[in-house]
Structures are given as structure tokens and as C-alpha cells.
Amino acid sequence: MAIVLEDVSKTYEVKGKRIEALKKLSLTIEEGEIFGLIGFSGAGKSTLLRLINLLEAPSSGKVNVNGTELGSLTGEDLRIRRQKIGMIFQQFNLIESKTVYQNIEFVLKASKYDKKKMRGRIEELLDLVGLGDKADSYPKNLSGGQKQRVGIARALANHPDVLLCDEATSALDPDTTKTILKLLKRINRELGITIVLITHEMEVIKEVADRVGVMTEGEVVEIDDVYSIFSHPKHDVTRGFVQDIYDFVIPSHIDVNDRSEVITIKFLNEHAEANYVNQLYRHFKCDISILNGRIEYIHDMPLGFLMLHIKGEPDEVARLKSFIDESKGIERAEIYAEID
Ligand SMILES: Nc1ncnc2c1ncn2[C@@H]1O[C@H](COP(=O)(O)OP(=O)(O)O)[C@@H](O)[C@H]1O
Ligand SMILES: [Mg+2]
């Protein structure tokens, strides 16, 4: 289920004012991946999802899902295509007057699901999301995480091939967010459902996305695999989103002068090993102290940072720096935070 957006624009008119929510945006989401779309509020993320799930049509450009141009669908074809796209929301959008069971039954009835298979399907869905014992509960008696599990069960009811998630974990606490993201990952890997996940939180991206698109002002300004987005962000907006992990401040008591320097090095994937500092000690006549450091895990791949204070003869310090620059998988990190 590849999703291909080609030169897609979406313009709204509000009180005679034109709002360009999407500006000639092109993007391909591959079948079976978890594609994370990150951007600040107002970037156009939700608008983009509404075009993919056929709630709205683009002002210009094409949206193509699995080889079918969505603009060409009408009537029954459109209805069937819509059913194959599941969606979950930040506010869950459950029907409060219905039980968990009835919330799922509702969408199955609407899609004229085989009545004889309905109960079995609902039980299967509740088991999948870990709510086998909550069929008769009402939404008001569920926690946020449980409500979102109902949302997921409902979104999957009609065997969709795409699941769209609009800030699906933004109303949840960090621990619950993790368990919901785990569930989404399982659904992606086990059921092969393509997931498009929009968020303004980099933690969410780091946890589940295979590839990432960074959106700002109606455009996608950077697309890459999740590790590259964190290790080599290019656009200013992307840098802003990953800033936290590059946020190293030189301690104020550290005296940097012509015989001493502070550098931060970045260790990529399997090179994130402490042994490297050993090599620096052995090869160079410098004093090296560690001022700060951290390792981020993106999926399971480490991305390490180490801030070092290096003292020595200028020539020796220069030799050490070129050694770093020539080491495989090691780079000098740019620090994005402002130093006060
Ligand atoms: N139905 C609408 N009518 C008018 N303006 C809209 C509508 N939907 C979105 N917009 C505008 O389009 C821009 C993008 O909104 P949205 O897609 O909701 O961004 P995001 O989800 O990234 O926060 C915003 O300026 C928003 O005000
Ligand atoms: Mg939104």
C-alpha cells in the first residue's frame, strides 16, 4: 500500500483570506513502513491525513493509494477504499453512550460486515489490543491508554491496509505512550499494515518510525530514515526537533584557552563504544577529561555523544583532532544549543 502524494496543495478560504495549508507537497510512503511525520502545530499534518483518508480532496495535485488515484473514486469504490484506511485520534473519539463492544460493533455495522462473523471479529480485535475483559465497559470507566486501545481496535475492524494516527499518543502519559507505540509497532510488523503517524513529539518518532518526514508551513522539508534524522539533521526545523540530544553546555568553570579546548564527538551506531577514549589517551600526549556524555538509542541503534576537555601543546591537540576527523564512525558534533 504505497501512498504517493504528487504536487499536492490544499487551500482554505477563511473570511476572504487564503490559507495555504499544503504547498505543492510531494511524498511517497512505502508499503509496510511506519512513516512518522513531525511538525509544529499548524504545519499542515492533519490536513495531509485528511487527504489520505479521503475526508477532503486536494485543491490541486494527486493522492494515489496503492495505484489508485483517489480523486477518481466514486460511490461504492470510494466507500470500500475508505474502509481500508483506519484512523486513530488524540481525543480517541469514542461514543460515550456505547460499551467498548458496541463501539466496535458500530463501525462493523456501518460497513455491513457479515452479521454471523461480527461477534468473533470483535472478540478477536479486543484480544489483539489486550482488552479481552473490557467488552462491557463504558469509555468513561477506561484509562486513556485503554481508550486508545479501543480506538485502535475500531480502526482495525475492517481489515485496513493503512492506519493513520493523528497525535494518537499526545493525550497520554509517557509510560502509556510507550505501550501504545509498542502495540502500533506490533500491528505494523505482524499484520503488515502501513502506518502514518503524525506527532509533534520527537520521542514518539524515535520509538517507532522507520522513516521520518519533517513538515513546516505546508511543506515537507526533510525526509530520511529515523537514524539519519537524529544523527545528521539538515534542515533548521529538524535540528530544532532533535536539539535536546545536542544540548551540551560547557560547564562555566571550564577555562578554554590556547592550551585547552572543548570538543564534542559523536559516535555513530556500532562505534558508540567507550574504548575509543582509550585510544585517544594512548596515542596523544594530552590531558583528556570527560565533561558530559550520553547515548541515545534509536530503535536499538546507539548514537553517542561525548564532550571532552583536552589540554596539551597546540600541535598535539591539532593531531588529536585530525585523528578524530579520520576515525570511522566518529564525527565532531555541532552543538545546537546556545551557550550562555
Ligand atoms: N478546515 C479548515 N478551514 C480553514 N483552515 C484550516 C482548516 N483546516 C486546517 N486549516 C489551517 O491549515 C493550516 C494547517 O492546519 P493543520 O493541518 O491542522 O496543521 P497541524 O495538524 O500540523 O497542526 C493551519 O493554518 C490551519 O489553521
Ligand atoms: Mg493536527
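Residues numbered from 1 in each chain as written. Chains lettered and ligands numbered in written order. Predicted model: local features only at pLDDT ≥ 70, side-chain atom pairs only at ≥ 80, totals over all residues. Heavy atoms only, no water.

For the record, the criterion: UniProt positions are given in the numbering used here, feature names are shortened, and annotations may be inferred rather than shown by experiment.
Where an unreviewed UniProt entry is consulted, the protein chain appears under the name ATP-binding cassette domain-containing protein, with the organism given as Salinicoccus roseus. One UniProt comment on the protein chain, placed under Sequence similarities (unreviewed entry), says "Belongs to the ABC transporter superfamily."

**Some details on the site of ligand 1**
Cut-off, in case you're wondering: A single heavy atom is enough: if one lies within 4 Å of a molecule or strand, its residue is considered near that molecule or strand. Here a polar contact means two N or O atoms within 3.5 Å. Within protein one must be a hydrogen donor candidate and the other an acceptor candidate, and residues neighboring in sequence count only if both atoms are side-chain atoms. Secondary structure follows DSSP: runs of H or I at least 4 residues long count as helices, runs of E at least 2 residues long count as strands, and numbering of each begins at the N terminus. Each residue receives one of three labels: charged for Asp, Glu, Lys and Arg, nonpolar for Ala, Val, Leu, Ile, Met, Phe, Trp, Tyr, Cys and Pro, and polar for the others, Gly being one of them.
With respect to spatial proximity, 13 residues lie near ligand 1, and among them Gly42, Gly44, Lys45, Ser46 and Thr47 are the closest. Gly42 places a polar main-chain atom, nitrogen or oxygen, 2.6 Å from an oxygen atom of ligand 1. Here an oxygen atom of ligand 1 sits 2.9 Å away from a polar atom, N or O, in the side chain of Lys45. When contributions to the shell around ligand 1 are tallied by element, the ones reaching two or more residues are β1 (3–14), β2 (17–29) and α1 (45–52). It is α1 that contributes the most residues to the shell around ligand 1, four residues altogether. Of the residues that constitute the shell around ligand 1, the class distribution is six nonpolar, five polar and two charged.

**A closer look at the side chain of Arg154**
So the rule is basically this: Note on exposure labels: buried denotes an accessible area under 20% of the residue type's maximum, exposed denotes more than 50%, and partly exposed covers the range between, all computed with a 1.4 Å probe on protein chains only. Note on charges: Lys and Arg go in the positive column, Asp and Glu in the negative column, and His and the chain ends are not counted at all. Any Lys or Arg side-chain nitrogen found within 4 Å of a carboxyl oxygen on Asp or Glu counts as a salt bridge. Contact criterion: two residues are considered in contact whenever any of their non-hydrogen atoms come within 4.5 Å of each other.
Along the polypeptide, Arg154 turns up in helix α5 (residues 144–156). There is no salt bridge for the buried Arg154, and the closest opposite charge comes from Glu96, which lies 9.1 Å off by N-O distance. A polar atom in the side chain of Arg154 sits 3.0 Å from the backbone oxygen of Phe92. In contact with Arg154, other than residues within four places in its own chain, are Phe92, Asn93, Leu94, Asn103, Ile104 and Val107.

**Examining the packing of aromatic side chains**
Let me state the cut-off plainly: Pairing of aromatic side chains requires ring centres within 6.5 Å, counting the rings of Phe and Tyr and the six-membered ring of Trp. Pairs whose planes differ by under 30 degrees are stacked, by over 60 edge-to-face, and all others tilted.
Tallied over the entire structure, the rule returns six aromatic pairs. Summarising the aromatic geometry, the rings of Tyr276 and Phe323 are spaced 6.1 Å apart at their centres and angled 20 degrees between planes, so their arrangement reads as stacked. Here Tyr276, found in helix α10 (residues 275–283), pairs with Phe323, found in helix α11 (residues 314–326); they are 47 residues apart in sequence, far enough to count as distant. For Tyr276, a relative accessible area of 5% translates into the label buried. When the centroid spacing of 5.3 Å and the interplanar angle of 65 degrees are considered together, the rings of Phe284 and Phe323 count as edge-to-face.

**Some details on the UniProt feature "domain: ABC transporter" (unreviewed entry) in the protein chain**
In the numbering used here, UniProt assigns the "domain: ABC transporter" (unreviewed entry) feature to residues 3–242. Annotated as residues 3–242, this span is 39% helix and 28% strand, and its ends, taken at the C-alpha atoms, are 27 Å apart.

**Comments concerning the pattern of salt bridges**
In this structure the tally under the stated criterion is 19 salt bridges. Salt-bridge contacts for Asp161 lead to Arg81; the nearest nitrogen and oxygen are separated by 2.7 Å. Here Asp161, found in the loop between α5 and β7 (162–166), pairs with Arg81, found in helix α2 (residues 75–83); they are 80 residues apart in sequence, far enough to count as distant. Judged by its relative accessible area of 12%, Arg81 is buried. Put simply, Lys206 and Glu296 hold a salt bridge, and the shortest N to O gap is 2.5 Å. Here the residue Lys206 occupies a position in helix α7 (residues 202–208), and Glu296 occupies one in strand β12 (residues 287–298), the gap between them amounting to 90 residues. What makes Lys206 buried here is its relative accessible area of 11%. Among the residues examined, Glu296 registers a relative accessible area of 8% and is labelled buried.

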